Amino acid sequence: GKIWNRARNFPLAIEKYKEAIKIDPTFAPAYIEMAELYHRANQDNNALDAIKKYLELNANNPYAHSRYASFLFESKQYIDCIKEIEGIQKKDTSDAYLFRLLGYAYDEVGNKTDTAAYTKGVKAMNKFFQKTQSKDFKYIAEDYKHKGSLLSKTGKDSLGALELQKAIDLDPTKNCELYGDMGKIWMKVKKYDRAIVA
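All values reported here derive from a predicted model rather than from experimental measurement. (Residues numbered from 1 in each chain as written. Predicted model: local features only at pLDDT ≥ 70, side-chain atom pairs only at ≥ 80, totals over all residues. Heavy atoms only, no water.)

**Here's the deal with the overall build of the chain**
Check the secondary structure of the chain and you find twelve helices and zero strands. Its C-alpha atoms give the chain principal-axis dimensions of about 70 × 35 × 35 Å. In the chain, once contacts between residues fewer than 6 apart in sequence are set aside, the share between residues at least 24 apart is 43%. For the chain, the exposed surface amounts to about 11500 Å²; the carbon and sulfur share of it is 53%. Between the averaged position of the 33 positive side-chain charges in the chain and that of its 27 negative side-chain charges there is a distance of 3 Å. (Helix = DSSP H or I, 4+ residues; strand = E, 2+ residues; numbered from the N terminus. Contact = heavy atoms within 4.5 Å. Areas by Shrake-Rupley, 256 points an atom, 1.4 Å probe, with all protein chains shown as cover. Lys, Arg positive; Asp, Glu negative; His and termini not counted. Charge placed at Lys NZ, Arg CZ, Asp CG, Glu CD.)

Set out below in structure tokens:
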């Protein structure tokens, strides 16, 4: 399975992992490898099923729990993603990427299910930036986009607009729709000249 994976023959790699599981259904490494392969193939439901099985067999693996949280986020299961990350962080808060993912998830969930979601999201994003600032870390536009969105949703409109501008500056083509969000923010705070520009 690993050889076919390296050769980029993913269907054959999955087939080999399935053969391994037929021989020994408790062989945990096959499940985590299959989860990663399904994830690459954008088969999120299969990836989640495989990693759940892996976690049943190997519940104390922090990496697997982190990957599971990622898969949950990418399959838009934000509430489950938040629960998984918060469970991990009860034991260990050293992983900066989990704070990033937590902030993103809170931004997506919004106040629909958790009245303090946006505030929690801002705290998570601040923690992420705090943990990565001293390193030679390369931020992506999504980091600023979610932070800006969360700041705006918690009443810090001007700060939110500044973060959204950073997202646009990093990737103007992908994030051009953020100008509309910035326009709304500037309208809300009665800075009409900036709203017109946005």
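**Considering helix H8 (residues 117-132)**
Its 16 residues give H8 an end-to-end C-alpha distance of 23 Å, which sits within 8% of 22 Å, the value for a rise of 1.5 Å per residue. Of the positions making up H8, those classed as buried are Ala117, Tyr118, Gly121, Val122, Ala124, Met125, Phe128, Phe129 and Thr132. Seen from one end, H8 has its buried residues packed into an arc of 165°, which puts them on one side. On its buried face, H8 is in contact with helix H7 (96-109) and helix H9 (141-153). (Expected span 1.5 Å × (residues − 1). Buried < 20%, exposed > 50% of the residue type's maximum accessible area, 1.4 Å probe, protein only. Arc of directions from axis to C-beta.)

**Points about the side chain of Asn175**
By secondary structure assignment, the location of Asn175 is in the loop between helix H10 (157-170) and helix H11 (178-188). Not counting residues up to four positions away in its chain, the partners in contact with Asn175 are Ala141, Lys145, Ala167 and Ile168.

**Topic: unusual backbone geometry**
When glycine is set aside, most residues are seen to have a negative phi, and most peptide bonds are trans. Phi is positive for Arg8, close to 65°, though the residue is something other than glycine. Tracing the backbone shows Arg8 in the loop between helix H1 (2-6) and helix H2 (10-23). Under the relative-accessibility criterion, Arg8 is labelled exposed at 64%. Positioned with a positive phi, Lys190 is a non-glycine residue whose angle comes to about 60°.

**Side note on the side chain of Glu163**
In this fold, Glu163 is placed in helix H10. For Glu163, a relative accessible area of 9% translates into the label buried. When residues no more than four places from it in sequence are discounted, the contact partners of Glu163 are Tyr144, Lys147, Gly148 and Leu151.

**Concerning the packing of helix H4 (residues 44-57) against helix H5 (residues 62-74)**
One way to put it is that H4 packs onto H5 with a least axis distance of 10 Å and a crossing angle of 155°. Between H4 and H5, the crossing angle belongs to the class labelled roughly antiparallel. In the packing of H4 onto H5, the handedness of the crossing is left-handed. The segment H4 lies against H5, with Asp44, Ala47, Leu48, Ile51, Lys52, Tyr54 and Leu55 engaging Ala64, His65, Arg67, Tyr68, Phe71, Leu72 and Glu74. A breakdown of the residues in the contact of H4 with H5 according to their chemical character gives nine nonpolar, one polar and four charged. (Axes fitted to C-alpha atoms, helices over the stretch in contact; angles between N-to-C directions. Parallel < 35°, antiparallel > 145°, perpendicular 65-115°, else oblique. Left-handed = near helix turned anticlockwise from the far one by under 90°. Nonpolar A, V, L, I, M, F, W, Y, C, P; charged D, E, K, R; others polar.)

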